[in-house]
Structures are given as structure tokens and as C-alpha cells.
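# Fold and contact review
Here is how the chains run, residue by residue.
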Amino acid sequence: MHRFRFRPVQELLKLIFPSLCCHCGEPLVGDEKYLCTQCLVHIPWAKHASYPNNDAELRLSGRIPFQAAAALLLFRKGNVAQTIIHQIKYYGNTGMANQYGTMLGMELKQSNRFNDIDYIVPVPLHRRRKRQRGYNQSELICEAVSKVFNRPVVANNLYRKQFTTSQTHKNRQDRMDNMTNVFDVRHPEQFENKHILLIDDIITTGATTENCYQALSSIPDLRISIAALAVTTS
């Protein structure tokens, strides 16, 4: 009864202050949330979690001895995937992080290539960056994936020991130089003889992922799989 009584007020507020599509800016209608139906149709799904040598694996191949790697979306400047990433990364859109993180988790699980993981590990932010932003976008994605896999998120073992400038406008070599010797592990024994799923928001050159691996590489019998919400395409 209460919900019915206040529904006309809610609808009136929507007319006065309509929610807008995050990508195109058009008003959302009906059950649309975050993205309008037209933009949803144009989401560039990667659909490659089940297949070896996919875009994410090719980006990292020969640099990291991973078990499997995959991404949910194909990122290109100006496309809907960019909007999704930016909403989560820069605007703290936890709803989108949960929604698309859950989708990522479901694709990984259905592929049967990631099912023996022990821990889910976010690529860490430096404490100063996390304090500025208020959250780590990779942790938000990990929390959604964790619910699908029923595996714990370990967010404080792998850590970023150096503050670095943004990678956004750097070329591949500058990205590598910027990330050298940035990460470390507090308790290596926690990851011994384990299979971890390392998750980032986006794989571009792979420099961040590669340098995370360098920090983890000396841990005995550690296996690593890698996932991201998106991977860049040419």
C-alpha cells in the first residue's frame, strides 16, 4: 500500500529530475538503469572467456606464466565499454561495478577455466590514491566476482608500495617504466601453493599486470589467472 501511495510522487520526480544514460545522456525510461536500451545494444562484449589465445591472453602472453586470462568487454575510445569503466573508476558507480563484475564472474565460472581458484586479488591502489578516490575500483569488481565464485577477496596482501602518476596518456614503454618495482607482498606464505585470480578494471599494455606478477613471482607453487572488466582493442 505504501509503495503504491508514493509511486505517483516518484514518477513526478523522475519527470522533473530524470535519470540520464551514462553514455549518450538521453533520459532513462521504464526499467532502464545507468544505460539506455539503445546503448545497451552497443555494449562490445568480448565473449572469449572460454577460449585460449583470446585478446586478454594475447596481450599478456610471453610475459606472465598465467593459467588463464579473460575480459568481459572490448574497450575502445568513445565506446560504451569506456563509459562503463569510467563510471566505475572515476565516479564510484558501485551499482555498475556490482552489475558488470557479476557478469564477469559468471562468464569466468561458465568457462570452467577458472574454477579451482583459491583467492580473488584486486590490483591494488596506493593508499594515497585510494584515500583521494575513496575506493579501489578493482576491489569493487572483485567483491562481485567473489559472490559468484564463493571465494574470498584478499585485498591487503599484494600492495602498491610506491605512488605513481596516471597511466592514461603514457605509451607502452612509459607505462612499463612508471610501474617498475611498484608492488610488493606482505605475507608471501598466504599465497604459497595457491591459485589466485588477479583482477583489474582494464588491461591496456599489460604493464600493471606484469609488474604485479613480478612481485608475486618468487612465491613457491603460486598459480595466477587474470581477469579484467575490459581489454583494449586496436
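Look up a bit, the structure's there.
Residues numbered from 1 in each chain as written. Predicted model: local features only at pLDDT ≥ 70, side-chain atom pairs only at ≥ 80, totals over all residues. Heavy atoms only, no water.

So, on to helix H4 (residues 80-91). Over its twelve residues, H4 runs 15 Å from end to end, which matches the ideal 16 Å to within 8%, given 1.5 Å per residue. For H4, a buried count of nine out of twelve residues is recorded, marking the element as mostly surrounded by other parts of the structure. All of the buried residues in H4 are Val80, Ala81, Gln82, Thr83, Ile84, Ile85, Gln87, Ile88 and Lys89. The N-cap of H4, judged by a side-chain oxygen 3.2 Å from the amide nitrogen of alanine 81 a few residues on, is asparagine 79. Positive backbone phi, at 60 degrees, marks glycine 92, one or two positions downstream of H4. (Helix = DSSP H or I, 4+ residues; strand = E, 2+ residues; numbered from the N terminus. Expected span 1.5 Å × (residues − 1). Buried < 20%, exposed > 50% of the residue type's maximum accessible area, 1.4 Å probe, protein only. Polar contact = N/O pair within 3.5 Å; in protein donor to acceptor, adjacent residues only side chain to side chain.)

Attention now goes to unusual backbone geometry. Across residues other than glycine, the phi torsion is negative in most instances, and most of the peptide bonds are trans. Even without being glycine, lysine 47 reaches a positive phi, approximately 55 degrees. Here lysine 47 shows up in the loop between helix H2 (37-41) and helix H3 (55-60). In this structure, asparagine 150 is a non-glycine residue whose phi angle is positive, near 55 degrees. Classification of asparagine 150 as exposed rests on a relative accessible area of 65%.

Under the criterion given, the structure shown has zero disulfides. No disulfide involves cysteine 21; its sulfur sits 3.7 Å from the nearest other cysteine sulfur, which is in cysteine 24. Free of any disulfide, cysteine 36 has its nearest neighbouring cysteine sulfur in cysteine 39, separated by 3.6 Å. (Disulfide = S-S within 2.5 Å.)

Per the counting criterion, the structure on display carries two aromatic pairs. Each ring, one from tyrosine 119 and one from phenylalanine 191, has its centre 6.0 Å from the other, and the planes form 50 degrees; the classification is tilted. Note that tyrosine 119 is positioned in strand E2 (residues 119-122) and phenylalanine 191 in the loop between strand E4 (183-185) and strand E5 (195-203), a separation of 72 residues in sequence. Across the pair, phenylalanine 191 and tyrosine 119 agree in class, each one buried. (Phe/Tyr/Trp six-rings, centres within 6.5 Å; stacked < 30°, edge-to-face > 60°.)

Residues Ile84, Leu108 and Leu229 are the most contacted members of the largest nonpolar core, which totals 39 residues. Breaking this core down by element, the ones donating at least two residues are strand E1 (69-75), H4, helix H5 (94-111), helix H7 (137-149), E5 and strand E6 (223-232). By residue number, the principal contributor to this core is H7, which donates six residues. With near-sequence residues (within four places) excluded, isoleucine 84 lies in contact with Leu35, Ile43, Leu73, Met96, Tyr100 and Leu229. If you look at the next biggest cluster of nonpolar residues, it comprises 28 residues, including Ala56, Tyr119, Leu158 and Val185. (Core = buried A, V, L, I, M, F, W, Y, C linked by side-chain atoms within 4.5 Å. Contact = heavy atoms within 4.5 Å.)

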